[in-house]
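The primary structure of each chain is shown beneath.
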Amino acid sequence: MGFKCPFQPKTFYDSMKILVGREFWSCSPQRVKKIALGLFPIISWLPAYRFREWILSDIVSGINTGLVAVLQGLAFALLVNVPPSYGLYAAFFPNLVYFIFGTSRHISVGPFPVLSLMVGGAVTRLVPDDTAGNGTSTNISAINEERVMVAASVTFLSGIFQLLLGILQFGFIVIYLSQSLISGFTTAAAIHVLVSQLKFMLQLPVPGFNKPFGIVYSVFSQITKTNIADLVTSLVVLLIVFVVKEVNDRYKAKLPTPIPIELLMTVLAALISYFVNFEEKFNVAVVGKLEEGFQAPVAPDVGVFQKCIGDSISIAIVGFAVAFSVAKVYSIKHDYPVDSNQELIAFGLGNIVGGSFKGFASSTALSRSGVQESTGGKTQIAGIISAVIVLIVILAIGFLLAPLQKSVLASLALGNLKGMLMQFKEVGILWRKDKYDCVIWVVTFLAAIFLGLDIGLATAVAFQLLTVVIRSQFPIPQTVQKPCKEKYFTGIYEPEGVKIFRCSSPIFFANIEFFREKLITAVGFSPLRVLRKRNKALRKIKKMLKKGELQVTPTLKEFVRINIDIYVGFLDKLERCAFFDEEIKPSMFFLTIHDAVLHILLKKDIASSPKLKPAEEKGNSNDYIIIPSNGLRSRECTVRLASLVAASQP
């Protein structure tokens, strides 16, 4: 089953025409139906739901995902520096909203460690820990209330930004966050998460920091105060979680469902802590009593808005980019479309509602979405069932988690970082594949580590745009004698008198001189020098130069003057840009390298045949240069037709 939202303007200009144009205000039934289907995707897929075939799979998937969502909500609340119970709100409300407005069938909406840490950075900056030593219950409660309000306000504002971007059809912004940038950023965020959880694993009174080195220094300055019981518990839980997750990965094809290790460890740790009475015997930090039920919705703090605009924008963009990337993977795997603009609207409304009920920012956790998909989830019915599981914990059985150690939650949070930490292996792969992408990864990682997640992200995006300019202005030329590692020229050879020269970037005003210089280098001689020698041999060059009869021009026309024909393959929009003139003609351009080479060979055959030789010839041209076009289409055509070129020769 698949559906496609019909209300999808392709560009910002189209969106503006719809918003202000006459057609937007028309009230025809067809128009209303299109708008409704676009804004409420549930109208399309729910009536077509295959109840008998899918309901059992969705129920099983929803129960498994809900249990993971409960534990991750509690664990990721520690990253936000708010009481654990508020993580359950972040796992509940956005899920309900996404059920109605989302377009992906498989992602699980709720807390994500990177976003939780970004919200936590704003929280600790505006509401620092009590450094005066007044650790009374009243003072701690007041600080927690203030922090909850800051987290909710930042979440609300990020939701507003996402909603506005979705309404204005700015879903295309995700293309400016490349895979290498997202990978480097999330890896750096994993390091931040790892460092931030040290104080819970060791149970040290460490204040929050937005940069990891501050908290590392603070942790090691108080390392002698470590609670041994918490440290041992953390290490044991972390080891078991990593081992079982590795088993899940290796034998996922044989296992009917992944082993729910987070759930098992939580239940076991809570039971041991309760019966052994860890809190009194070893003075460990526990979750404590969770608030039952829901609090009344509250208005956000406008004062927080003014101080956290940058944080909210970063949270909005990162949350959307991560969620849409995961949604795109599953949409391709299961063959259905996802709408980036509608996803922005869904997540924006989810964060607005979640923030109103004192939750914090939501996106999708990779591990939780993996559970929902791998356990047989077919639609967001599984998502709504997982929300029901969270609801049961909030209303009825949350008290059972009171004796659970916070160090266990910290270990569970770290156990979910394995995939992100393993992204370090991508550096070597990127270096071999594309050095620019590798540099982007490293710069993004270092910027997020040293400058913090918010400023680091802005720095990484700016650097990535700079690499785009550099790539365009200084492309890497390639010839058959020196093929690139992707082997664009596999199976292609150069006939005598033919030079194939490939430029990996669009040719425009900023790189035309660079392109000309590299072309001359690839050919092996300067056409200007040959031109001068030829005219000198004719003993007319000095007179012609003095009289102005001969001019040295800066364009490709230099090769034409010495009877070297230029053939360019597959360049677009040249005629509209008035590129052609008397010497640069459309007949020089071909769809592929293959076509250009065949044309040259045919022309040489005609020229060498007395019967087919044309009456008039432009000159004794027997040298040719082929310039493949740039971009993905050129690469695909080159690889696909490479064998045809070789096969066409005797």
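The residue numbering used here restarts from 1 in each chain and proceeds along that chain's sequence as written. Only residues with pLDDT of at least 70 are given local features in this predicted model, and only at 80 or more are side-chain atom pairs given and counted; all residues enter the totals for whole chains, interfaces and linings. As a rule here, side-chain values come from all non-hydrogen atoms in the structure, and water together with hydrogens is ignored.

### Re the overall build of the protein chain
Helix and strand counts for the protein chain come out as 29 helices and 7 strands. Partly exposed describes any residue whose relative accessible area lies between the buried limit of under 20% and the exposed limit of over 50%, with all areas from a 1.4 Å probe on protein chains only and scaled to the type maximum. Considering the protein chain as a whole, with its 650 residues, one finds that 50% of them fall into the buried category. Residue contacts are defined here by distance: any two heavy atoms, one from each residue, within 4.5 Å place the two residues in contact. Taking the contacts inside the protein chain whose residues are at least 6 apart along the sequence as the reference set, 80% of them involve residues at least 24 apart. Of the roughly 32100 Å² that the protein chain leaves accessible, carbon and sulfur atoms contribute 64%. Only DSSP runs of H or I reaching four residues or more are called helices, and only runs of E reaching two or more are called strands; each is numbered from the N terminus. Method for areas: the Shrake-Rupley scheme with a 1.4 Å probe, in which residue coverage is limited to the protein chains shown.

### Structural notes on the pattern of salt bridges
In the sections that follow, a salt bridge refers to a side-chain nitrogen of Lys or Arg positioned within 4 Å of a carboxyl oxygen of Asp or Glu. Enumeration according to the criterion identifies 6 salt bridges in this entry. The salt bridge involving K358 is made with E145; its shortest N-O contact spans 3.9 Å. Of this pair, K358 sits in the loop between α16 (340-356) and β2 (363-364) while E145 sits in helix α7 (residues 137-167); the two residues are 213 residues apart in sequence, bridging distant segments of the chain. You can call K358 buried: its relative accessible area is 12%. Across the salt bridge formed by E246 and R250, the nearest N and O atoms sit 3.1 Å from each other. With E246 and R250 both in helix α11 (residues 228-250) and 4 residues apart, the pair spans about one turn of that helix. Judged by its relative accessible area of 29%, E246 falls in the partly exposed class. The class of R250 is exposed, set by a relative accessible area of 64%.

### Points about the packing of aromatic side chains
Pairing of aromatic rings covers Phe, Tyr and Trp, the last counted by its six-membered ring, and requires centre-to-centre distances within 6.5 Å; plane angles under 30 degrees mean stacked, over 60 mean edge-to-face, and any other angle means tilted. Scanning the entire structure with this criterion turns up 18 aromatic pairs. Ring geometry for Y86 versus Y89: centroids 5.6 Å apart, planes at 90°, classification edge-to-face. Of this pair, Y86 and Y89 both sit in helix α5 (residues 85-101), 3 residues apart, which is roughly one turn of the helix. Here Y86 falls in the buried class, since its relative accessible area comes to 1%. Classification of Y89 by relative accessible area gives buried; the value is 1%. For the pair Y98 and F347, a centre-to-centre distance of 5.3 Å together with 45° between the ring planes defines the contact as tilted. On the criterion of sequence distance, the pair formed by Y98 in helix α5 and F347 in helix α16 is long-range, its members being 249 residues apart. The exposure class of Y98 is buried, given its relative accessible area of 1%. Since its relative accessible area comes to 2%, F347 is described here as buried. These aromatic residues form a ring-pair network of at least three members: Y86, Y89, F92, F93, F294 and F357. As a reminder, the over-ring test applies to NZ of lysine and CZ of arginine, requiring each to be within 6 Å of the ring centre and within 35 degrees of the ring normal. When the ring centre of Y336 is taken as reference, the NZ or CZ atom of R105 above it lies at 4.2 Å.

### Here we look at the environment of I381
Checked against the element boundaries, I381 lands in helix α18 (residues 381-397). Linking I381 and L46, residues 335 residues apart in sequence, is a C-alpha distance of 9.0 Å. When sequence neighbours within four positions are dropped, the list of residues in contact with I381 reads W45, L46, Y49, I55, D58 and F99.

### A closer look at the confidence of the model for the protein chain
Values of pLDDT, which run from 0 to 100, indicate the predictor's confidence residue by residue. In this model, the protein chain carries a mean pLDDT of 77, and residues with pLDDT of at least 70 account for 70%. Confidence scores differ between elements of the protein chain, with helix α29 (residues 632-647) showing the lowest mean pLDDT of 34 and α16 the highest of 94.

### A look at the packing of helix α4 (residues 51-80) against helix α6 (residues 113-126)
With their axes 7 Å apart at the nearest point, α4 and α6 run at an angle of 35° to one another. Contacts between α4 and α6 involve F76, L79 and V80 from the former and P113, S116, L117, V119, G120 and V123 from the latter. To obtain each axis, a line is fitted to C-alpha atoms, and for helices this fit is confined to the stretch in contact; angles are then taken between N-to-C directions over 0 to 180 degrees.

### Some remarks on unusual backbone geometry
Of note in this structure, N283 is not a glycine but carries a positive phi near 55°. Mapped onto the elements of the fold, N283 is located in the loop between α13 (278-282) and α14 (302-307). For N283, a relative accessible area of 54% gives the class exposed. For K358, which is not glycine, the phi torsion reads 65° and is therefore positive.

### Remarks on α5
Take the residue count of a helix, subtract one, and multiply by 1.5 Å to get its expected span. With 17 residues, α5 should reach 24 Å at 1.5 Å per residue; the first-to-last C-alpha distance of 26 Å fits that figure. Counted residue by residue, α5 has 15 buried out of 17 residues, so it is predominantly covered.

### Description of α6
Compared with the 20 Å implied by 1.5 Å per residue over 14 residues, the 20 Å span of α6 between its first and last C-alpha is a close match. Within α6, 12 of the 14 residues are buried, which leaves it mostly tucked inside the rest of the structure. Among all positions of α6, only P113, V114, L115, S116, L117, M118, V119, G120, G121, A122, V123 and T124 are buried.

### Section: the side chain of Q72
Structurally, Q72 is set in helix α4. What Q72 contacts, discounting residues up to four positions off in sequence, is A365, S367, R368 and N416.

### A closer look at a nonpolar patch on the surface
Patches here: salt-bridge-free residues with over 30% relative accessible area, like charges joined within 9 Å, nonpolar side chains (Val, Leu, Ile, Met, Phe, Trp, Tyr) joined within 5 Å. Nonpolar side chains collect at one region of the surface, where V267, L268, L271, I272, Y274, F275, V276 and F282 lie side by side and expose about 790 Å² of accessible area between them. Judged by its relative accessible area of 66%, F275 falls in the exposed class.

### Here we look at the packing of α5 against α16
The N-to-C vectors of α5 and α16 enclose an angle of 150°; their axes lie 8 Å apart at closest approach. Considering their axes alone, α5 and α16 lie roughly antiparallel with respect to each other. As for the relative orientation of α5 and α16, their crossing is right-handed in sense. Note on element contacts: α16 touches α5 through Q342, E343, A346, F347, L349, G350, V353 and G354, opposite F93, P94, V97, Y98 and F101. Should an angle fall under 35 degrees it is called roughly parallel, over 145 degrees roughly antiparallel, and 65 to 115 degrees roughly perpendicular, with every other angle called oblique. Handedness of a crossing follows from how the near helix is turned relative to the far one, being left-handed for an anticlockwise turn of less than a right angle and right-handed for a clockwise one.

### Comments concerning the environment of F156
Topologically, F156 is positioned in helix α7. Overall, F156 belongs to the buried group, its relative accessible area being 16%. A C-alpha to C-alpha distance of 9.9 Å links F156 and F357, two positions 201 residues apart in sequence. If we ignore the near neighbours within four places in the chain, the residues touching F156 are P300, F305, N351, I352 and S356.

### A closer look at the side chain of S180
When you line up the elements, S180 lands in helix α8 (residues 179-196). Nitrogen and oxygen atoms within 3.5 Å of one another constitute a polar contact, given that in protein one can donate a hydrogen and the other can accept it, and given that sequence-neighbouring residues count only through two side-chain atoms. A polar contact is formed between the side chain of S180 and the side chain of S178, at a distance of 3.1 Å. The residues touching S180, leaving out its near neighbours within four places in the chain, are L430, D437, I440 and W441.

### Looking at the environment of S85
One can find S85 in helix α5. For the pair S85 and G288, spaced 203 residues apart in the sequence, the C-alpha separation amounts to 9.7 Å. Those residues within four positions of S85 in sequence are excluded, and the remaining contacts are L74, L290 and E291.

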